[in-house]
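Results of the structural survey
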Amino acid sequence: MRLYIETRSNGWLHARGIKPDGTPFRQSLRTKDARKAKEKLSKIENTLWRADIYGVEAVVTFDQAAVKYVEDGGDARFIVKVTELLNGIRIADIKPLDVRETAKKAYPNCAPATRNRQGITPIQAVINYAHTQGWCAPIRVKRFPVEKPKRKAVGIEYLLALEQHAPINLFALMLFLHTTGRRVGDAVGLKPEDLDLDNANAHVKKTKNGESATVQLVPYLVEILRNLETHNDRVFGYLDSRNLYETLKRSCKRAKIEYLGTHQVGRHSFATALANQRWTSKRIADAGGWKSVRLVDDTYIHTNDPAEEATDLIWAKYG
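Presented here is an overview of the structure given in this document. Note that the structure is a prediction, hence the values are computed from the model and not measured.

**Focus on the nonpolar core**
In this structure, L173, M174, F176 and F236 are the most contacted members of the largest nonpolar core, which totals 40 residues. Every element with two or more residues in this core is listed here: α6 (156–163), α7 (168–180), α8 (184–188), β5 (201–204), α9 (219–227) and α10 (245–255). A per-element tally of this core places α7 first, with eight residues. In contact with L173, other than residues within four places in its own chain, are V184, A187, V188, F236, Y238 and L244. Core analysis: the second largest hydrophobic core is formed by 25 residues, I94, I120, I139 and V141 among them.

Here's what the structure looks like:
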C-alpha cells in the first residue's frame, strides 16, 4: 500500500493511492496545512492496514457509522450531539452503559424522556445499523424510567359546558373527537367531500397508521355540520392542529372548566367510557383506530363495525 498527499487547485489536501486490497483510495484530509495532512495520512494508513488484517469491524468508529447511517436514509435528528461525544470511539467497543452515560452527558439538565428520545434512541439506531453492515454486534439499552402523566377522562357534560363558550367549529371538532375517538389530526384533515351526512359518517382518508377509516357521527354533530360554514377547505376550518389550542384554552377558561387539550377530552375519554362499559381492549382498539392496545400482536383487530356501536353507546348514555 502506498498513499500520498495531493494538493487540489483550491489548496485543500487529499489522500490518494492504493489500499492493501489493491483498490483505489481517495479521501479529503480537510486541511490546507501540510503538517496536519501528514498526521492524518499516517492515521488513515494505519486504519487501512488494520482493516485489511483484522476486518472492517476492528476499525469502524461511531462517527463513521453515523455518517453512513444518515447517508443510507437514517434519521439525522439528534445525531450530531451524540456523535460529538462518541467521535473516534470504535463502535464495537460501545456498551449499553456507555450509551446511557453519553445520553446523560449530552442532555445533563433534561428529563428522562428527552434523554431516551434524543440520546439513547439515535445512538442505538446507529449501532444497530452498523450491525446490519457486519461491523459490530447489535445492542439493547435500558431506557431511563419515565413517569407517565396522569390523564383525565371526561363525560359529555364537559363538552356541553364548553359549547357555550367556544366557537362553533371548535366545539364541533371537540365533539367529533369525544364521540369517535379519532386523533386530532384526523379531524383537522377532514374536507367537506369526506362527509356523508345523510348516512351520518365521515371518511378519514389516511390515519396516523396509514389506513383509511369511516367513522359514525352522532346526530347532534350531524346537525351542526349541516349548518357549519366551511373555511380553508376543511370541515372544522383548521389547517393545522397547532392553530386551535390557544382558542381552546381561552374557551375552557371562560367556561370555568379545566383545560385538558384534545387527547384527554377525545381519545382518552372515548376509550375510558368504553372500558367502563366492559368493552374488551381489542374492540376498543378497533373502534378508535388504535394500531393495538399495548401493542398486542402489533396488528389491527377487526370486528363487525365496532365504531358505529361505540358511538351509539356513548351518545345513548348522554344524549
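**Some details on the sheet that holds strand β2 (residues 13–18)**
Spatially, the three strands line up as an open sheet ordered β1-β2-β3, and their pairing is antiparallel. Strands at the two margins of the open sheet, each flanked by one partner only, are β1 (2–7) and β3 (24–28). When the angles between neighbouring strand axes are averaged without regard to direction, this sheet yields 20 degrees. In this sheet, β2 lies alongside β1 in antiparallel orientation, the contact comprising six bridges. Of the residues in β2, the one forming a bridge with T7 is L13.

**Observations regarding the side chain of Q264**
Structurally, Q264 can be placed in helix α11 (residues 264–276). For Q264, the residues in contact, after removing those within four places along its chain, are K150, R151, K152 and S269.

Calculation rules
- Residues numbered from 1 in each chain as written.
- Predicted model: local features only at pLDDT ≥ 70, side-chain atom pairs only at ≥ 80, totals over all residues.
- Heavy atoms only, no water.
- Core = buried A, V, L, I, M, F, W, Y, C linked by side-chain atoms within 4.5 Å.
- Buried < 20%, exposed > 50% of the residue type's maximum accessible area, 1.4 Å probe, protein only.
- Helix = DSSP H or I, 4+ residues; strand = E, 2+ residues; numbered from the N terminus.
- Contact = heavy atoms within 4.5 Å.
- Pairing = 2+ DSSP bridges.
- Axes fitted to C-alpha atoms, helices over the stretch in contact; angles between N-to-C directions.

What is shown is where atoms sit, not what they do.
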